[in-house]
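Examination of the molecular architecture
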Amino acid sequence: MSNYTKILIAIDLSEESLQVVKRGCAMAAEKAADVHLIHVIEPLSFAYGGDIPMDFSGIQEEISDQARAQLAKVGADYGVDGANQHTVFGRPEVEIHQMAEELGSDLIVVGSHGRYGLALLMGSTANGVLHGATCDVLAVRVGG
């Protein structure tokens, strides 16, 4: 196993994502590595495709504020400095790759539900992160 020095933990802020944070922080402690947390917010316009003539900015701002507060709590609970907590907008796999490169991360830790069949064909964030990463990726199995 590599001597990781900078670990980027990507979480969706669900209860299950705490398993991902625990695993990533445990690895970081073993390696004395720096830990960064990232949460990616998909803009509402992605979900609704811009076909709905609505201004989502107020709702998007509220979602962003709540996400930052939740990420700050997770960071505080696991000893991750505020400067190492990143809340960004965009497509998760794209933003995670970009942040990993900006930080010079040598490991990305992400949760995976271990889906197969139709869910696998449709893709997942973990799958997207794995296939475009320029560093190692650890997929932590979460859920049932």
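Predicted model only: the values in this text are computed from it and were never measured. (Residues numbered from 1 in each chain as written. Predicted model: local features only at pLDDT ≥ 70, side-chain atom pairs only at ≥ 80, totals over all residues. Heavy atoms only, no water.)

Taken as a whole, this structure holds three salt bridges when the rule is applied. Between Arg-91 and Glu-42 there is a salt bridge, with its nearest N and O atoms 3.7 Å apart. Taken together, the positions of Arg-91 in the loop between β3 (85-89) and α4 (92-103) and Glu-42 in the loop between β2 (34-41) and α2 (44-48) put the pair 49 residues apart, joining distant regions of the chain. Between Asp-65 and Arg-68 there is a salt bridge, with the nearest N and O atoms lying 3.9 Å from each other. Of the two residues, Asp-65 and Arg-68 both sit in helix α3 (residues 57-77), three residues apart, roughly one turn of that helix. (Salt bridge = Lys/Arg side-chain N within 4 Å of Asp/Glu carboxyl O. Helix = DSSP H or I, 4+ residues; strand = E, 2+ residues; numbered from the N terminus.)

Take α4 next. For α4, which comprises twelve residues, the first-to-last C-alpha distance of 16 Å matches the rise-based estimate of 16 Å (1.5 Å per residue) to within 8%. Buried residues belonging to α4 abut β1 (6-10), β2, β3, β4 (107-112) and α6 (125-132). Taken from the residues just after α4, Gly-104 is the one with a positive phi, measuring 75°. (Expected span 1.5 Å × (residues − 1). Contact = heavy atoms within 4.5 Å.)

Our focus in this paragraph is the pairing of β3. Burial runs high along β3: four of the five residues are buried. One ladder, built from five bridges, connects β2 with β3; its direction is parallel. Residue pairing for β3: Leu-37 is matched across the bridge by Gln-85. (Buried < 20%, exposed > 50% of the residue type's maximum accessible area, 1.4 Å probe, protein only. Pairing = 2+ DSSP bridges.)

Where a protein is soluble and globular, its nonpolar side chains tend to be buried together. Within the largest apolar cluster, 22 residues are counted, with the highest numbers of intra-cluster contacts made by Ile-7, Ile-9, Ile-11, Val-20, Val-21, Leu-37 and Val-109. Contributions of two or more residues to this core are made by β1, α1 (17-31), β2, α3 and β4. For this core, the element with the highest residue contribution is α1, accounting for five residues. If sequence neighbours within four positions are ignored, Ile-7 has contacts with Gly-24, Met-27, Ala-28, Ala-33, Asp-34, Val-35, His-36, Leu-107 and Val-109. One finds Ile-96, Leu-103, Ile-108 and Val-110 within the second-largest nonpolar core, a separate group that totals 14 residues. (Core = buried A, V, L, I, M, F, W, Y, C linked by side-chain atoms within 4.5 Å.)

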